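Reading the structure
Given next are the chains, with one letter for each unit.
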Amino acid sequence: MSHGSLLERLSGEATRRKGWSLEQAAMDSVAAHLSRMLSTRAGSVQTLPDYGLPDLNDMRLSQHDSRQQARMSIEHFIQAYEPRLAEVQVNALPHGHDPLILSFVIEGLLEIEGIRRKVSFTAQLDGSGQVKVR
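Everything numeric here is computed off the predicted structure, so don't read it as measured data.

About the criteria used
- Residues numbered from 1 in each chain as written.
- Predicted model: local features only at pLDDT ≥ 70, side-chain atom pairs only at ≥ 80, totals over all residues.
- Heavy atoms only, no water.
- Phe/Tyr/Trp six-rings, centres within 6.5 Å; stacked < 30°, edge-to-face > 60°.
- Helix = DSSP H or I, 4+ residues; strand = E, 2+ residues; numbered from the N terminus.
- Buried < 20%, exposed > 50% of the residue type's maximum accessible area, 1.4 Å probe, protein only.
- Patch = residues over 30% accessible without salt bridge, like charges linked within 9 Å, V, L, I, M, F, W, Y side chains within 5 Å.
- Areas by Shrake-Rupley, 256 points an atom, 1.4 Å probe, with all protein chains shown as cover.
- Salt bridge = Lys/Arg side-chain N within 4 Å of Asp/Glu carboxyl O.

Going through the model one piece at a time under the given rule, you end up with three aromatic pairs. Plain terms: the ring middles of Y51 and Y81 are 4.8 Å apart, the flat faces sit at 75° to each other, and that makes the pair edge-to-face. Remark: Y81 occurs in helix α3 (residues 63–81) and Y51 occurs in the loop between α2 (22–38) and α3; sequence separation between them is 30 residues. We classify Y51 as buried; its relative accessible area is 14%. Pairwise contacts between aromatic rings join Y51, F77 and Y81 into one cluster.

As structure tokens, this is what we get:
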């Protein structure tokens, strides 16, 4: 039984998922990958110039427009580089007391053992450019 992607198994990261259900392990693997993906800035991967997100702190748009632009960028990026998720939709969450933190809900379908299951993740982008996905 696989507890993560090939790279996660080679690095040993997947061993912490032993004993988990396949669904839990797959969701944790996807969340970890989304965190790494969304923390990568566009242009930082030489072999894939379109891999990564633009600097969302540098958008010269209104707050509403920058949230929409960020939402669309995240959605397209996930559709292109996370093949385990289908029918991806990203929606911005209302911002809390810190305007530098953007939060999004990522929804999609994850195929586990031949069955597509609806899954939902929360992504929080902080001012440092790091993304936490739960």
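What follows covers a nonpolar patch on the surface. There is a patch of nonpolar side chains on the surface, built from L6, L7 and L10 and spanning about 380 Å² of accessible area. With respect to the helices, strands and loops of the structure, L10 is situated in helix α1 (residues 6–11).

Here we take up the pattern of salt bridges. Per the stated rule, a full pass over the model turns up four salt bridges. A salt bridge links E23 to R117; the shortest N-O distance between them is 3.8 Å. Taken together, the positions of E23 in helix α2 and R117 in strand β3 (residues 115–125) put the pair 94 residues apart, joining distant regions of the chain. With relative accessibility at 25%, the residue R117 sits in the partly exposed group. Taking the shortest distance from any N to any O, the salt bridge between R84 and E82 comes out at 2.9 Å.

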